[in-house]
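For reference, the chains in residue letters:
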Amino acid sequence: MLMLLLLSYVPRAVLVQLAQGLLLACALAAVTLATLVMAVRLRQRRRVAFFHPYAECGGGGERVLFLAIRALQEIDPTTEILIYTGCQNLTGSEILADAQRKFNIGAYARPDRIRFVRLRLRFLVEAWMYPRLQMRRLTKT
């Protein structure tokens, strides 16, 4: 109520300028906020992960894996690619070089964006750990 009384003594032109200033300040704040949100979203990196416990073996499934990685890098070289593998004795660059040699795959666009995450418990995905489930699957075919 007191605010309305005070505003009644302020000239109308001053009130209009005050309202325009507040509107401009709100618009600038909205643009700044939108710019910050876009900047944060652009900084977020895309990640694609593959679970392939035997990525170093060199079979047909591995060829598909490494060709998919190369195709992903051709589409977007900034994508970070994670490969969950059980290989403990080879480095990531050795696995990539071996795959390029075995499968005649050209160079990767960004090999620094490909990371191998080591699985210490790879034996948990092997069939010998689950003989009953393996037999059950074989009897249903």
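Everything below is about the structure shown above.
All values reported here derive from a predicted model rather than from experimental measurement.

1. Some details on the sheet that holds strand β2 (residues 80–85)
Backbone hydrogen bonds are what pair the strands of a sheet, in a parallel or an antiparallel way.
Then comes step 1: Within the open sheet, the three strands sit side by side as β1-β2-β3. Their pairing is parallel. Edge positions in the open sheet fall to β1 (47–51) and β3 (114–118), since each of these has one partner strand only. Each strand axis lies, on average, 20° off the axis of its neighbour in the sheet, ignoring direction.
Then comes step 2: One ladder, built from five bridges, connects β2 with β3; its direction is parallel. Note on β3: the bridge partner recorded for Tyr84 is Val117.

2. Notes on the pairing of β1
Then comes step 1: Relative to β2, β1 runs parallel, the two being bridged by five bridges. From the neighbouring strand, Arg47 faces β2, where its bridge partner is Glu80.
Then comes step 2: One crossover worth recording links β1 to the parallel β2 by way of helix α3 (residues 60–75), and it is right-handed.

3. A few points about helix α4 (residues 92–103)
Then comes step 1: For α4, spanning twelve residues, the distance from its first C-alpha to its last is 16 Å, which sits close to the expected 16 Å at 1.5 Å a residue.
Then comes step 2: Those residues of α4 that fall on the buried side of the exposure criterion are Gly92, Ile95, Leu96, Asp98, Ala99 and Phe103. Buried residues of α4, seen end-on, are gathered within an arc of 165° and therefore sit on one face of the element. Of the exposed residues in α4, the ones pointing more than 90 degrees away from its buried face are Ser93 and Arg101.
Then comes step 3: Residues of α4 that are buried make contact with α3 and β3.

Here is what the cut-offs are and how they apply
- Residues numbered from 1 in each chain as written.
- Predicted model: local features only at pLDDT ≥ 70, side-chain atom pairs only at ≥ 80, totals over all residues.
- Heavy atoms only, no water.
- Pairing = 2+ DSSP bridges.
- Helix = DSSP H or I, 4+ residues; strand = E, 2+ residues; numbered from the N terminus.
- Axes fitted to C-alpha atoms, helices over the stretch in contact; angles between N-to-C directions.
- Right-handed = clockwise from strand over helix to strand, strands pointing away.
- Expected span 1.5 Å × (residues − 1).
- Buried < 20%, exposed > 50% of the residue type's maximum accessible area, 1.4 Å probe, protein only.
- Arc of directions from axis to C-beta.
- Contact = heavy atoms within 4.5 Å.

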